[in-house]
Amino acid sequence: MTTATATTVLDYTSDSYKDAYSRINAIVIEGEREAHDNYLQLGELLPQHTDELVRLAKMEARHKKGFEACGRNLSVTPNMEFAQAFFAQLHGNFQAAAAEGKIATCLLIQALIIECFAIAAYNIYIPMADPFARKITEGVVKDEYTHLNFGEVWLKANFATVKAELEQANRDNLPIVWKMLNAVEADAKVLGMEKDALVEDFMIQYSGALENIGFTTREIMKMSVYGLTA
Ligand code: 6NA
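Quick caveat, the model's predicted, so the values are computed rather than measured.

Colleague: What should I look at first to understand the overall build of the chain in this one?
Modeller: Counting its secondary structure elements, the chain contains nine helices and zero strands. For the chain, the N- to C-terminal ordering of α and β elements is α-α-α-α-α-α-α-α-α. The C-alpha atoms of the chain give a radius of gyration of 17 Å, which matches the 17 Å a tight globule of 230 residues would have. With respect to the principal axes defined by its C-alpha atoms, the chain has extents near 50 × 35 × 25 Å.

Laid out in structure tokens, this is it:
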């Protein structure tokens, strides 16, 4: 792979960059907004962890403010309708699971899938970002690892009872991630982010999380295949 620096390839003031940014920036703002709401909802489902989950929710609200500033800095208006449609399926599945009290499914969607998606996206974005957004995103990505860790710790502690539910939740939600990646492939490329790199980073984070929770390598292989059939 060639390693050109972002500043030599990307013009952050061009119409094409700003057009793509209006959707990608909206996705991260909406993602952080929904993550905030999801952690508050998880706090209601897990009364013994409410304080910690409220703290995680507040971090997400701060991230949202940071990414809103990134859009303003480039004079870009985020396309929030696009972003809401982008998250609609995962959002709907989280809401349905929360209504049924399916804590493991909620954690798989928010703390594993969405956090791994965010970590992959932010890791790939940082070297290509404008200097203002780079600083903000570097701060954010550190926090997302602690959110992933919350999910891993709880799911590991409850692994025996939630294993089958997690396998079903993976089957239902991993294909959605590939659809989401396809939907942003062209815009991500304009921002200097390659889909292959996003997929690779996501799978490294996600399979690592499944391993930490207690799944065997063979089980993780089987679970990963569900994404690929989307
Ligand atoms: C949502 C989160 O912080 C970030 C979404 C990025 C696409 O969990």
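From this point, the discussion proceeds with the structure in view.
Colleague: I keep staring at the packing of aromatic side chains and nothing clicks. Help me out?
Modeller: The way to describe two aromatic rings as a pair is by their centre distance and the angle between their planes. All chains considered together, the criterion is met by eight aromatic pairs. Note on Tyr12 and Tyr17: the rings are 5.1 Å apart at their centroids and 85 degrees apart in plane angle, and the pair reads as edge-to-face. With a relative accessible area of 12%, Tyr12 lands in the buried category. A relative accessible area of 1% means that Tyr17 is categorised as buried. Geometrically, the ring pair formed by Phe202 and Tyr206 is stacked, given 5.4 Å between the ring centres and 20 degrees between the ring planes.

Colleague: Would you take a moment to explain the pattern of salt bridges for this structure?
Modeller: Side chains that carry opposite charge are capable of pairing whenever their charged atoms lie near each other. Overall, the coordinates contain eight salt bridges when judged by the stated rule. In this structure, the salt-bridge partner of Arg33 is Glu30, at a minimum N-O distance of 2.9 Å. Pair noted here: Arg33 and Glu30 are both in helix H2 (residues 15-45), with a separation of three residues, about one helical turn. Note on Arg33: relative accessible area 31%, which makes it partly exposed. As a salt-bridge pair, Lys64 and Glu68 come within 3.1 Å of each other at their nearest N and O atoms. Separated by four residues within a single helix, Lys64 and Glu68 lie in helix H3 (residues 50-73), roughly one turn from each other.

Colleague: Please explain the nonpolar core as it appears in this structure.
Modeller: It is characteristic of soluble globular proteins that their nonpolar side chains tend to be buried jointly. One finds Tyr21, Leu112, Leu155, Phe202 and Tyr206 to be the most contacted residues of the largest nonpolar core, which totals 82 residues. Secondary-structure elements contributing two or more residues to this core are H2, H3, helix H4 (80-99), helix H5 (103-125), helix H6 (131-157), helix H7 (159-190), helix H8 (195-213) and helix H9 (217-228). Here Phe202 is in contact with Ile113, Cys116, Phe117, Ala120, Leu174, Val177 and Trp178, once residues within four sequence places are set aside.

Colleague: Hey, could you run me through H4 in this one?
Modeller: An α-helical turn contains 3.6 residues, so any two residues separated by three or four positions project in the same direction. If you look at H4, its biggest bend is around 55 degrees, right at Ala88. Of the residues making up H4, those classed as buried are Ala83, Phe86, Phe87, Leu90, Phe94, Ala97 and Ala98. Close packing links the buried residues of H4 with H2, H5 and H7. Taken from the residues just after H4, Gly101 is the one with a positive phi, measuring 70 degrees.

Colleague: How do you make sense of H8 when you look at a structure like this?
Modeller: The end-to-end C-alpha separation of H8 is 27 Å, in line with the 27 Å expected for 19 residues at 1.5 Å each. Inspection of H8 places Leu198, Asp201, Phe202, Met203, Gln205, Tyr206, Ala209, Leu210 and Ile213 among the buried residues, and these make up the whole buried set. Looking one or two places after H8, you find Gly214, whose phi comes out positive at around 135 degrees.

Colleague: What is the right way to read the site of the ligand from this model?
Modeller: Around the ligand sit Ile27, Gly31, Glu32, Ala35, Glu60, Gln110, Ile114, Glu115, Phe117, Ala118, Tyr122 and Glu144, and that is every residue in its neighbourhood. At 3.1 Å from an oxygen atom of the ligand is found a side-chain nitrogen or oxygen belonging to Glu60. Between the ligand and Glu115, the relevant distance is 3.0 Å, taken from an oxygen atom to a side-chain nitrogen or oxygen of the residue. Mapped onto the shell around the ligand, the elements with two or more residues apiece are H2 and H5. In terms of residue count, the dominant contributor to the shell around the ligand is H5 (six residues). Looking at the shell around the ligand residue by residue, the class counts come to six nonpolar, two polar and four charged.

Colleague: I tried to follow the packing of H2 against H3 on my own but got confused; where do I start?
Modeller: Helix-helix packing: each pair is described by the crossing angle between the helix axes and the interaxial distance. Closest axis-to-axis distance for the H2/H3 pair is 8 Å, and the angle between their directions is 165 degrees. What the angle tells us is that H2 and H3 run roughly antiparallel. For the crossing formed where H2 meets H3, the hand is left-handed.

Colleague: Is there a simple way to explain the environment of Ala35 in this structure?
Modeller: Summarising the element assignment, Ala35 is placed in helix H2. Overall, the relative accessible area of 3% leaves Ala35 in the buried class. It is 20 Å that separates the C-alpha atoms of Ala35 and Met203, two residues lying 168 residues apart in sequence. Non-local contacts of Ala35, meaning those with residues more than four positions away in its chain, are made with Glu60 and Gln110.

About the cut-offs
Residues numbered from 1 in each chain as written. Predicted model: local features only at pLDDT ≥ 70, side-chain atom pairs only at ≥ 80, totals over all residues. Heavy atoms only, no water. Helix = DSSP H or I, 4+ residues; strand = E, 2+ residues; numbered from the N terminus. Rg over C-alpha atoms; globule rule 2.2 N^0.38 Å. Phe/Tyr/Trp six-rings, centres within 6.5 Å; stacked < 30°, edge-to-face > 60°. Buried < 20%, exposed > 50% of the residue type's maximum accessible area, 1.4 Å probe, protein only. Salt bridge = Lys/Arg side-chain N within 4 Å of Asp/Glu carboxyl O. Core = buried A, V, L, I, M, F, W, Y, C linked by side-chain atoms within 4.5 Å. Contact = heavy atoms within 4.5 Å. Bend = angle between axes of the 7 residues up to and from the residue. Expected span 1.5 Å × (residues − 1). Near = heavy atom within 4 Å. Polar contact = N/O pair within 3.5 Å; in protein donor to acceptor, adjacent residues only side chain to side chain. Nonpolar A, V, L, I, M, F, W, Y, C, P; charged D, E, K, R; others polar. Axes fitted to C-alpha atoms, helices over the stretch in contact; angles between N-to-C directions. Parallel < 35°, antiparallel > 145°, perpendicular 65-115°, else oblique. Left-handed = near helix turned anticlockwise from the far one by under 90°.

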